[in-house]
Amino acid sequence: MAEAQARQRGGYTDDGSAMAESGVRFEVDGEIATITLDRPEKRNAMTFATWSGLARIGESLPEQVRVVVVKGEGPSFSAGIDLHMFTSDGVPGQGSFSSAAKSGEAGIEQRVRQFQAGFLWLRRPEIVSIAVVRGHAIGAGFQLALACDLRIVAEDVSFCMKEPALGLVPDLTGTKPLVDLVGLAKAIDICLTARTVHADEAMRIGLAEKVVAGGDLDQAVQDKVAELLSTNREAAIATKRLLQGAQARTLEEQSAAERSEQAARIKALFG
Ligand code: ACO
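Residues numbered from 1 in each chain as written. Predicted model: local features only at pLDDT ≥ 70, side-chain atom pairs only at ≥ 80, totals over all residues. Heavy atoms only, no water.

Describing the sheet that holds strand E5 (residues 136-138)
In a beta sheet, neighbouring strands pair by backbone hydrogen bonds and run either parallel or antiparallel.
Okay, step 1: The sheet built from three strands is open, its strands ordered E5-E7-E8 with mixed pairing. Both outer strands of the open sheet, E5 and strand E8 (196-198), are each paired with one neighbouring strand and no more. Averaged over neighbouring strand pairs, the angle between their axes works out to 20° when direction is ignored.
Okay, step 2: Here strand E7 (residues 158-160) runs beside E8; their pairing, made up of three bridges, is antiparallel. From the neighbouring strand, Phe159 faces E8, where its bridge partner is Val197.
Okay, step 3: On top of the sheet, helix H6 (residues 140-147) reaches E5 and E7; it is set at about 95° to E5, its chief contact. (Pairing = 2+ DSSP bridges. Helix = DSSP H or I, 4+ residues; strand = E, 2+ residues; numbered from the N terminus. Axes fitted to C-alpha atoms, helices over the stretch in contact; angles between N-to-C directions. Contact = heavy atoms within 4.5 Å.)

Shown next, in the form of structure tokens:
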């Protein structure tokens, strides 16, 4: 249907200058939203503005969206934080660590909380987020991939949690999903060595759901999106809520949560 095909721009894109500054493109096509990191000439290095931009996309995501695809333009998903942020001048107009340090610990925590908001919304029950990762996913780039529900990767993928090598901790919400996916020992190994995880290992340890040749990446993502959209929307939301809560609950508590979600489904479907 022509209308369904028509590309619709999300609320965030109304603010052209902030959009350009963030280095992110955002498009909505019916139930599918696509976020593209769009500084390929800098390997999609991210600035504070990128994370604020991601947060704003989350705030204005149209209600009909069920799947959010997060990808990078060019050969790398993202080379992580823009290294100019480490210099005293920073990136023009976007601050630096030096300027952030002047705001004191409480101020820094508040800034980081704002940046984390750009990542946390990708786990909302109402959507399934897919990171489409080719090439480098370093530091903040690795954490953005971890913020998504699923990771479909190309054979040339290389994940690296570089932060500890630079004197920082991973603080863009990546530590919990990493431990949840690969276990504590492997997460310690990956983060505290800042080593690179390639496609074979990523698949083996559960970082990636699927590895495909670079040329097959778009098709693999399209196929996954179609599969995800083939299920009932409300049931999918309720099921994701259940799955997300499962680890923190006892079997009895989880069974009670299943009963409660199912009662609501049966009432909605047959009541
Ligand atoms: N910040 C700013 N610019 C970057 C970054 C970055 N993180 N990564 C790459 N670029 C720029 C390069 O400076 C270069 O710019 P130029 O053409 O103006 O010289 C351009 O992107 C291409 O980079 P190359 O290094 O030439 O590309 P290559 O494919 O050989 O290597 C790689 C890619 C491995 C990603 C390399 O650029 C790199 O190591 N980048 C730094 C990664 C890093 O340490 N990130 C910080 C992680 S910690 C965190 O995110 C909190």
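With respect to the domain arrangement of the protein chain
Okay, step 1: Parsing the protein chain into structural domains produces domain 1 (2-230) and domain 2 (231-271).
Okay, step 2: One C-alpha centre belongs to domain 1, the other to domain 2, and the line joining them spans 28 Å.
Okay, step 3: Domain 1 puts 17 residues into the contact, and the matching count from domain 2 is nine residues.
Okay, step 4: Where domain 1 abuts domain 2, roughly 860 Å² becomes buried across the two surfaces, and 38% of that area is made up of carbon and sulfur atoms.
Okay, step 5: The largest contributions to the domain 1 side of the interface with domain 2 come from Arg66, Pro125 and Glu126, which together make up 54% of the buried area.
Okay, step 6: At the surface where domain 1 touches domain 2, the tally comes to one salt bridge.
Okay, step 7: Here Asp149 makes a salt bridge to Lys240, at a shortest N to O gap of 2.6 Å.
Okay, step 8: Run the count over domain 1 and domain 2 and you get 10 residue pairs in polar contact (both at pLDDT 80 or more).
Okay, step 9: Take the side of domain 1 that touches domain 2: its biggest share by element is three residues, from helix H10 (residues 217-229).
Okay, step 10: The residue makeup of the side of domain 1 that touches domain 2, split by class, is seven nonpolar, two polar and eight charged. (Domains from an automatic or database assignment. Buried area = accessible area lost by both parts, 1.4 Å probe. Salt bridge = Lys/Arg side-chain N within 4 Å of Asp/Glu carboxyl O. Polar contact = N/O pair within 3.5 Å; in protein donor to acceptor, adjacent residues only side chain to side chain. Nonpolar A, V, L, I, M, F, W, Y, C, P; charged D, E, K, R; others polar.)

Comments concerning the sheet that holds strand E4 (residues 128-133)
Okay, step 1: Spatially, the six strands line up as an open sheet ordered E1-E2-E3-E4-E6-E9, and their pairing is mixed. Since the sheet does not close on itself, it has two edges, and those belong to strand E1 (24-29) and strand E9 (210-212), each with one partner. Along the sheet, successive strands turn relative to each other by an average axial angle of 20°, direction set aside.
Okay, step 2: One ladder, built from six bridges, connects E1 with strand E2 (residues 32-37); its direction is antiparallel. The residue bridging Asp29 from the neighbouring strand is Ile32, located in E2.
Okay, step 3: Against the sheet, H10 touches E2, strand E3 (67-72), E4, strand E6 (150-154) and E9, its axis set at about 160° to E6.

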